[in-house]
Every structure is written in structure tokens, then in C-alpha cells.
Amino acid sequence: MLTALTSDGKQVVLTRQLSLTSLREWRKNESFHCPQCKEPVLLKVGDIIIPHFAHLKQTTCRDSFSEGESPTHLLGKIQLYELFSHLQLPTEIEPYLPDIRQRPDLLVTWQKDKIPIEFQCSTIPIAHILERNAGYHSVNMNPIWIVLTPPTVQDSLAFVLTHRFTQFQQHFIRHIHSSAKETLSVFLTYNPSKQQFHYLSHFIHLRGTAFAMCHSVMRIKHQTIPFAIPATPSTKDIEELTRQYQSARRKYLRSVIGYNQRGIHHRFLRACYEMRVQPVQLPGWIGVPTIGEEAFTESDCEWQLLLIAAIRQTRTTAFQLNRSFLHSFIKTFEGDSSRQLEACQNYVDFLREQRIDIYRLDKLMGRDFVLEILSGRFLAMHARN
Ligand SMILES: [Zn+2]
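The rules behind these values
- Residues numbered from 1 in each chain as written.
- Predicted model: local features only at pLDDT ≥ 70, side-chain atom pairs only at ≥ 80, totals over all residues.
- Heavy atoms only, no water.
- Phe/Tyr/Trp six-rings, centres within 6.5 Å; stacked < 30°, edge-to-face > 60°.
- Helix = DSSP H or I, 4+ residues; strand = E, 2+ residues; numbered from the N terminus.
- Buried < 20%, exposed > 50% of the residue type's maximum accessible area, 1.4 Å probe, protein only.
- Pairing = 2+ DSSP bridges.
- Expected span 1.5 Å × (residues − 1).
- Contact = heavy atoms within 4.5 Å.
- Domains from an automatic or database assignment.
- Core = buried A, V, L, I, M, F, W, Y, C linked by side-chain atoms within 4.5 Å.

Enquirer: Before we go on, may I ask you to explain the packing of aromatic side chains in this structure?
Expert: This model, assessed by the stated rule, comprises 19 aromatic pairs. Their ring planes at 50° and their centres at 5.2 Å tell us that Phe-32 and Phe-53 sit as a pair that is tilted. Pair noted here: Phe-32 is in strand β3 (residues 32-33) and Phe-53 is in strand β5 (residues 52-55), with a separation of 21 residues, a long-range link. By the burial criterion, Phe-32 is buried, and Phe-53 matches it. On the basis of an interplanar angle of 55° and a centroid distance of 5.8 Å, the ring pair of Phe-197 and Phe-227 is categorised as tilted. Residue Phe-197 is found in strand β13 (residues 196-207), and its partner Phe-227 is found in the loop between β14 (210-219) and α7 (235-261); the two are separated by 30 residues along the sequence. Its relative accessible area of 9% is what places Phe-227 among the buried residues. Among the aromatic residues, those joined into a ring-pair cluster are Phe-296, Trp-303, Phe-329, Phe-333, Tyr-347, Phe-350 and Phe-369.

Structure (C-alpha cells):
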């Protein structure tokens with residue numbers, strides 16, 4: 001912990017303005033106490049870990065104060081504290097909120113709101129996060145969680161990259177509604193060793209937990225309140241997102257042939273066979289980014305081809321579909337069915353807008369719909385009305 005009470009009851013925060021020598025001198029003739037349990041705490045001043053307080057004895061207080069804090073967590077917390085103080089916002093460090101018996105890393109007062117800030121470095125059970133959020137919501141506070149930048153992202157200089165989200169990370173993706181249909185999703189991370197925020201945004205689902213996305217970096221000294229949101233991707237970024245999406249699509253279509261050779265039953269391959277089309281020769285309108293597509297773990301070409309096959313079996317066109325048809329179609333997939341339904345509807349809308357004849361798989365083979373779709377999507381997302 002970074003805060004304690006002195007013998008005369010004053011609260012101290014170990015900011016980095018205090019030199020190690022002065023702290024070592026200070027602790028010789030001062031005693032410190034835990035702000036919560038009032039038991040004595042030790043001021044630890046080492047050369048590697050930043051100065052912090054630790055309980056002298058085993059106490060039950062330790063749990064709520066999480067003394068197993070890593071050096072990275074302590075460092076990030078103090079840097080964020082300095083950021084908010086620098087922005088002239090009243091900020092409390094490790095304050096205890098008795099009503100909900102929680103202790104956020106920071107509590108920032110912005111306008112009339114108190115905003116808990118949590119800097120999350122370790123992977124903890126999602127149930128614990130939900131519990132803490134429920135606590136904050138019960139006292140009308142909306143917490144902001146900032147996650148430690150994942151190692152693969154930390155070292156990347158790319159503006160567009162492919163990243164696999166763990167379940168834990170997925171939980172911290174914030175969805176900002178920017179227009180009726182479009183949502184800007186942002187994964188905000190912070191890297192204390194380089195003192196910069198790494199933003200991941202504009203996700204395009206590839207397959208499973210893999211997404212292509214934009215990556216941008218902001219030095220802590222440029223951060224503002226409310227937190228800055230990522231800018232519109234440039235034409236170059238959209239081209240690169242398209243390239244990564246197409247490359248994942250081709251990779252999937254090439255790999256799927258391997259299932260056949262190993263004699264594995266695969267409904268995608270069977271549908272290709274029945275429609276007399278080679279997976280690698282699918283037209284450009286099968287396997288396109290669709291809003292809500294991440295509700296499927298399958299690659300877009302897989303669920304979209306299966307949908308085309310199912311529509312063809314009814315001997316109708318995509319223009320004559322009803323909702324109950326889509327309902328029974330998604331029953332064969334695992335996942336969030338209401339979001340899958342939305343993705344199917346969006347794909348059908350795309351077929352309709354492009355006037356695609358789903359009985360002619362040999363048409364529009366080489367056309368790149370992906371670039372068109374992504375350009376349109378990101379323009380709409382950032383359009384101000
Ligand atoms: Zn204590």
C-alpha cells in the first residue's frame with residue numbers, strides 16, 4: 001500500500017517526489033499506522049520495488065489491502081495518481097469505502113462524480129470483478145478498469161495487429177455507442193515501465209478468440225479526463241485491417257481442406273461439396289466482416305456459407321427470409337443466440353444491398369468487399385451528427 005497515517009494522524013502518500021534517502025531518514029523518527037485497522041505498518045524503502053507500507057503483523061486487514069501487490073501494480077498506481085493530481089482533480093489513493101467495504105486503487109472526483117479507478121495487473125476470477133462492479137454500482141459509481149498492457153502488445157510498434165483475447169481480457173472491453181448501429185469497442189491498457197497507455201480498438205473478429213484491431217499509444221502526460229478515445233483509423237490502417245482479415249480467411253479456407261484428407265466430418269466441407277464449390281474458390285461475398293460476427297466462434301466464411309446453404313435448401317432467396325428461419329438456423333451453433341441472430345440479419349441485409357444472387361457462386365469471385373465494408377463502417381462510426 002502507498003498510504004499510511006503518521007503518529008499525529010496525518011495521511012501520507014508515497015509519491016515519487018520523495019527521495020529514498022529522505023524516506024529512510026523520516027522512518028527513523030516517525031511511526032506509521034494503517035488508515036483502516038490503525039495497526040503499525042512498516043515503511044519499506046528498497047532499491048528495486050518502489051517505497052510502500054506493509055503491515056507489521058498478520059492482520060485480517062491485509063486481505064482488503066492486498067499486500068501481495070506487485071511492483072508493477074504499485075508503480076502504475078502511483079503514476080496514475082500523479083496523472084490525476086496533475087490534472088488538478090481531487091484524488092484519493094486506496095480509500096476505504098465503508099458502505100460497500102471496498103478499496104479502489106484510486107478514487108477520482110470529476111465534476112460531481114466520484115470515479116473508482118482500478119489498475120488490474122493480475123488475472124483474477126471474473127466473478128470477483130462482477131462483485132466489485134456491483135458494489136460500485138450500488139453506490140452510483142461507475143468504475144474504470146485499466147488493465148496492464150499484455151506483453152505481446154507492449155513490444156509492438158504496429159498500428160494494426162492480431163491479438164487473441166483471453167476471457168479475462170474480453171471482460172474489460174468497453175463498448176461506446178457512437179451511432180444507432182455502430183459501437184466503438186475499446187480495450188484500455190497501461191504500461192507503467194514505459195509510462196504509456198496502449199489502446200486496442202476497432203476489432204474485427206477473425207476466428208475463435210482472435211481479432212484484427214487498431215493499436216495506438218498515448219504517453220501518460222498526454223492523457224486527459226474523460227479518457228481520450230482512439231481516433232478514426234486512417235485509410236492505411238483500414239487497408240491493413242483488410243489485409244489481415246483476408247489473410248486469416250485464406251488461411252482458414254486452405255486449412256479446412258486438411259480435415260477432408262484426414263476423413264474428419266465437417267459440415268462446412270459437406271456444404272461446399274453439395275454446392276460444388278472448392279473452399280479456396282468461395283466468392284468474395286462469403287466471408288465478409290459483419291456487425292455482431294464475434295457472436296460466432298467460427299470463421300465468417302464458415303457460418304456465412306452454412307447460412308447460404310440453408311437458404312438455398314428452402315429454394316428461396318435472401319430477400320424472402322423470415323425471422324423464424326434464422327432462429328432455427330442459429331440453433332445449430334453454440335453461443336449468444338440473440339447476437340448471432342443480429343449478425344445473420346446484418347449479413348442478409350448485405351446480400352440484399354449488394355443484390356447478390358446466392359445461386360451463382362461463380363459470380364463476383366475476385367471482388368474485395370472487405371475494404372468497402374470496413375471503410376464504410378469506420379466512417380459511420382466516427383461521423384458526428
Ligand atoms: Zn490495516
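Enquirer: Just to check I follow, could you spell out the pairing of strand β4 (residues 40-44) for this structure?
Expert: Side chains on a regular strand alternate between the two faces of the sheet. By the alternation rule, side chains of β4 split into Val-41 and Leu-43, which are all buried, and Pro-40, Leu-42 and Lys-44, of which none is buried. For β3 and β4, the ladder comprises two bridges, and the chain directions are antiparallel. Among the inter-strand pairings, His-33 is bridged to a residue of β4, identified as Pro-40. Between β3 and β4, which pair antiparallel in sequence order, lie six residues; one of them, Lys-38, sits at a positive phi of approximately 65°. With four bridges joining them, β4 and β5 adopt antiparallel strand pairing.

Enquirer: I would appreciate a short explanation of helix α4 (residues 126-138) in the present structure.
Expert: One full turn of an α-helix is made of 3.6 residues, so residues set three or four places apart face in the same direction. If you check α4, its first and last C-alpha atoms are 18 Å apart, about what 13 residues at 1.5 Å a residue would give, namely 18 Å. Tucked inside the fold, the buried residues of α4 contact β8 (113-120), β9 (144-148) and α6 (167-170). Where α4 terminates, the next one or two residues include Asn-140, which has phi positive at roughly 60°.

Enquirer: What exactly am I supposed to notice about the domain arrangement of the protein chain here?
Expert: By convention, interface size is frequently given as the accessible area that disappears when the constituent parts associate. Here the protein chain is described as being made up of domain 1 (1-68) and domain 2 (239-382). The gap between the C-alpha centroids of domain 1 and domain 2 is 58 Å.

Enquirer: What's the story with the environment of Leu-80 in this structure? I'm lost.
Expert: Counting through the fold element by element, Leu-80 comes out in helix α3 (residues 71-86). Here Leu-80 is in contact with Leu-106, Phe-119, Ile-146, Phe-197 and Ile-220, once residues within four sequence places are set aside.

Enquirer: Where do I start with the nonpolar core in this structure?
Expert: Nonpolar side chains tend to gather and get buried jointly when the protein is soluble and globular. Core analysis: the largest hydrophobic core is formed by 51 residues, its most contacted members being Phe-53, Leu-80, Phe-84, Ile-146 and Phe-197. Looking at this core, you find at least three residues from each of domain 1 (1-68) and domain 2 (239-382). In this structure, Val-256, Ala-343, Val-348 and Phe-350 belong to the second largest nonpolar core, which totals 42 residues.

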